[in-house]
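# A closer look at the structure
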Amino acid sequence: MQPYQDSVLHQLRRIRIWYAVLLLVSALFVIRLFYLQVIRHDYYQKAALSDQLKQYQIPAERGTIVAHSGNATAPLVLNETLYTLFADPQYVKDPWQTARKIQDVIGGNPQDYEKAMRKDTRYAVLAKKLTKEQRAKVDTLQLKGIGTREAVYRTYPQGQLAAQLLGFVNDEGLGKYGLEQALDKDLKGAPGMLKAITDAQGVPLASNRDNVQIAPTPGKKLVLTIDLGMQQQLEDILKQGLESAKSQSGSAFILDPNSGAIKAMANFPTYNPAEFYKVSDPSLFTNGIVSAPMEVGSTMKPLTAAAALDQGVVKKDTTYYDPSKFKIGDATVTNIEEDGGPGTRSVSDILQLSLNTGATWLLMQMGGGEINQKGRVAWHNYLTDHYQFGKKTGIEQGYEAEGYLPGPTDGFGLNIQYANMSFGQGMAITTLQLGAALAGVVNGGTYYRPHLVDAYIDGSGKEVGNRPLAVKTGVVKSDVGNTIKDMMEYVVSKNYLTYGMQRPRPEYSIGGKTGTAQVPKPGGGYYEDRFNGTFMGFVGGDKAQYVIVVRVNEPKIGGYAGSKAAAPIFGKLANMLIDNFSVTPKGQ
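Residues numbered from 1 in each chain as written. Predicted model: local features only at pLDDT ≥ 70, side-chain atom pairs only at ≥ 80, totals over all residues. Heavy atoms only, no water.

## Here's the deal with helix α12 (residues 301-311)
When you tally the buried positions in α12, you get ten out of eleven residues, the bulk of the element. Restricting attention to buried positions, one finds in α12 the residues Lys301, Pro302, Leu303, Thr304, Ala305, Ala306, Ala307, Ala308, Leu309 and Asp310. At the exit of α12 stands Gly312, carrying a positive phi of roughly 80°. (Buried < 20%, exposed > 50% of the residue type's maximum accessible area, 1.4 Å probe, protein only. Helix = DSSP H or I, 4+ residues; strand = E, 2+ residues; numbered from the N terminus.)

## Things to note about the layout of surface pockets
Empty space within the largest pocket amounts to approximately 1,100 Å³. Taken together, 36 residues form the lining of the largest pocket, with Ala151, Val152, Asp171, Glu172 and Gly173 sitting closest to its centre. Of all the elements in the fold, those that place two or more residues in the lining of the largest pocket are α3 (50-54), β3 (72-87), β4 (124-130) and β5 (146-155). At seven residues, β5 tops the list of elements feeding residues into the lining of the largest pocket. (1 Å grid on protein atoms, 1.4 Å probe; cavity = no way out; pocket = protein on both sides within 12 Å on 5 of 7 lines; lining within 4 Å. Points joined across faces, edges and corners; volume = space filled by probe spheres on them.)

## A few points about the sheet that holds strand β11 (residues 249-255)
With respect to topology, five strands assemble into an open sheet ordered β12-β11-β23-β22-β21, the strand pairing being antiparallel. Whereas interior strands pair on both sides, the edge strands pair on one side only; in this sheet they are β12 (262-268) and β21 (509-520). Across the sheet, the axes of successive neighbouring strands diverge by a mean angle of 10°, strand direction being ignored. (Pairing = 2+ DSSP bridges. Axes fitted to C-alpha atoms, helices over the stretch in contact; angles between N-to-C directions.)

## Considering the packing of aromatic side chains
Inspection of the entire model under this criterion finds 14 aromatic pairs. Here the aromatic rings of Phe168 and Phe276 are separated by 4.2 Å at their centres, their planes lie at 10°, and the arrangement is stacked. Remark: Phe276 occurs in the loop between β12 and α11 (288-291) and Phe168 occurs in strand β6 (residues 168-169); sequence separation between them is 108 residues. You'll find Phe168 and Phe276 in the same group, each marked buried. Ring centres of Tyr177 and Tyr399 lie 5.1 Å apart, and the angle between their planes is 45°; on these two criteria the pair is classed as tilted. In this pair, Tyr177 is assigned in the loop between β7 (175-176) and α8 (178-182) and Tyr399 in the loop between α15 (373-386) and α16 (414-422), connecting sequence segments 222 residues apart. The residue whose ring lies beneath Lys220 is Tyr456, and the NZ or CZ to ring-centre distance is 5.8 Å. The lysine or arginine in question, Arg530, covers the ring of Tyr527, its NZ or CZ lying 4.1 Å from the ring centre. (Phe/Tyr/Trp six-rings, centres within 6.5 Å; stacked < 30°, edge-to-face > 60°. Lys NZ or Arg CZ within 6 Å of the ring centre and 35° of its normal.)

## Quick word on a nonpolar patch on the surface
Taken together, the side chains of Ile17, Trp18, Val21, Val25 and Phe29 define a hydrophobic patch exposed on the protein surface, amounting to about 520 Å² of accessible area. In this structure, Val25 sits in helix α1 (residues 2-39). Residue classification places Val25 among the partly exposed positions, given a relative accessible area of 35%. (Patch = residues over 30% accessible without salt bridge, like charges linked within 9 Å, V, L, I, M, F, W, Y side chains within 5 Å. Areas by Shrake-Rupley, 256 points an atom, 1.4 Å probe, with all protein chains shown as cover. Salt bridge = Lys/Arg side-chain N within 4 Å of Asp/Glu carboxyl O.)

## Things to note about empty space enclosed by the protein
Scanning the model with the defined rule gives two cavities of 30 Å³ or more in all. As for the largest cavity, its lining consists of Val492, Met501, Gln502, Arg503, Pro504, Arg505, Ile510, Gly571, Ala574 and Asn575. In the lining of the largest cavity, the residues fall into five nonpolar, three polar and two charged. Computed from the structure, the second largest cavity encloses a volume of approximately 30 Å³. As for the second largest cavity, its lining consists of Gln160, Ala162, Ala163, Gln164, Leu165, Glu235, Met265, Ala266, Asn267 and Thr270. Looking at the lining of the second largest cavity, the elements that each hand over two or more residues are α7 (163-166) and β12. A class-by-class count of the residues in the lining of the second largest cavity yields five nonpolar, four polar and one charged. (Nonpolar A, V, L, I, M, F, W, Y, C, P; charged D, E, K, R; others polar.)

## Remarks on the environment of Lys543
Looking at the secondary structure, you find Lys543 in the loop between β22 (526-540) and β23 (544-553). Distance in space between the C-alpha atoms of Lys543 and Lys586 is 8.2 Å, their sequence separation being 43 residues. With residues up to four places along the chain from it excluded, the contact list for Lys543 reads Asn258 and Lys485. (Contact = heavy atoms within 4.5 Å.)

## Details of the environment of Glu61
Looking at the secondary structure, you find Glu61 in the loop between β1 (57-58) and β2 (65-69). The class of Glu61 is partly exposed, set by a relative accessible area of 46%. Put simply, Glu61 and Thr217 are 156 residues apart on the chain and 7.6 Å apart in space, counted from C-alpha to C-alpha. Setting aside residues no more than four positions away along its own chain, Glu61 makes contact with Asn79, Leu187, Pro218 and Gly219.

Below is the structure:
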C-alpha cells in the first residue's frame, strides 16, 4: 500500500504544481490584459487609430502674419485653402480602375495611387494641393472610398520679402526656420475632430455640423514690429550694395534701441517661401543675422571703450602714448598702415583711427596697467553680463546661435586671446547680439530683448501686446552712453569720404564704426586674402532713434571690407531713414 500511497501523493503534488503554474500564467495574462486594456488603453487606441483618425480631423487655420504699413497693417503671410485627396482602402474594391479614373481628372501616376490604396490603413493620402476645380471633378466621379478634405497652405502676398525672417511651413504642416518655427505652437492652433459618421462611400460627412465632435482652435495672428516700406527699401539697398562690393552674401537690420523692436531685417541671397521645395541649398533658409556667429572685428572697439569708461579706468579726455605695437607673449598686436605711427592718442582716436593697440591699451587699464586675470575677468563680465554675449537673445527665430566666448581664467594664451577680443577677434557673436549691445549703450543703459512680434491676436479677436522686455539695466552709465555716441559721430564726421557716404547732415546724429575681420580657417588660423566687413551705427537727433548693423561677406572690391563694402550700405540706410521714416532732428 505504501508505494501506491506514495504514487498518489506524488501525482497530487504534480497536479498542485501544474495548477499553481496555470494560476500564475493566468494571473500574468490577466495582469498584462489589464495593463494593455485599462492602463495603456488610450495609448494603444490612439496608436491603432492614428491613420484612421487623420480622416476625421478638422485642420485648424494657421495664424496669419502681418506687418506695419503706415498707420495700417499689410499681410506678409496668408492662408490658401486647397484640398487633400485621400482613400479609405477598406471601401475601394478595384484600386487599379479607381487609380486610372483619378489620373484622368487630376493627372499624376496611377501606379502611385494604386499602391497607396493597397496599404493596410484606413487613411491613405493620394494627392495634395488640389484646386477647388480639381476637387469638384473628383467628386463627380463618386468613387467609393475616395474623399477630399480641406487643407490650408501658406501664401505670400509680398513674394520673397523677409523670407528668412518668416520661414515656411512644410508639407507635414510644421513650421520651419524663422518665425514659423520659433512660434509654431502659437501659429498652428489645435485641430478639431469629426464623429465617425460617413456616407455610403465611406467618406466623412465633414459638412454636417452635427458631425463635429470638437471644433478646431485657430492659431494666433502675429502683428510684427517690421515696417513693410522700411523692409522693402532695406532689401533693395542691401542687394545693390552687395553687388557693388562684389560680394555673394550679406545681411542688414534696423533696430529701435529704445524698445528692442526690429523694424527691418534681411539677408541676401534669399528665396521664395512659397516654393521652398525648389531650394537645393538649405543655407538659404537660415537667418544669418541670428544664426551665423562671426568675428566682428573693430566694431567691438566702441563697446571696449564703453566698458573702460564705465569702470572709471579711463575718462573721455584721457590721453596715452601709443607705441603702434604691443608684444604679448610670443605674439604682437599691430595696427593698420594708416594709423599714423607711434604718438599720443585719445580714446576718440582709438575709434577714429581704429587702433588695435588702443583697444589693447583699454584692456590693460581694466587690469591696472597690464593684461592680467583682473582685466580679463572685468572684460569678460562686460561681454557676458552687460552686453549679453555668449547667450541667445531670445528673438522669435528658429536656430538662434549663442556664439562663443573663451573663459577668462582657464586656458592657454589667454592674454593674447583677450587682447584680440578687445578688437573683435578670437570670439564669435551674431550681428544681432552686436547691435543689441550697442543699443544698450546708446539708449542710456538698458538692454532690451530684440523682438519681432508687436502683438498676438487670438481667434476671438483679442489682442495682446508684446511689451518691450528690459533684460538688463545699467549696461553702462547714461553719461558713458552719450560719450560713446559723440565719439562714434566723430568717427563718421572724420571718415565719411573714406566710407563712401554723403556728408553728415548737421541737424541729425549719425555715428558708426567699421569692422574688418579675417575669415578663420576650419582647422585654425586665418585666410590671408579673405575678409568679412561689418558696420554698426545709429541715426537720430538728440537721442539714437535707430541702430543699424550691416554685414558683407568676403567682398572683392579692394580696400578694407568694413569701410569699402559695409559702410556705404550703412550710409544709404541712414539717409533712407532720415528721408522717409520721421527721424527727429536735434533740438526737437
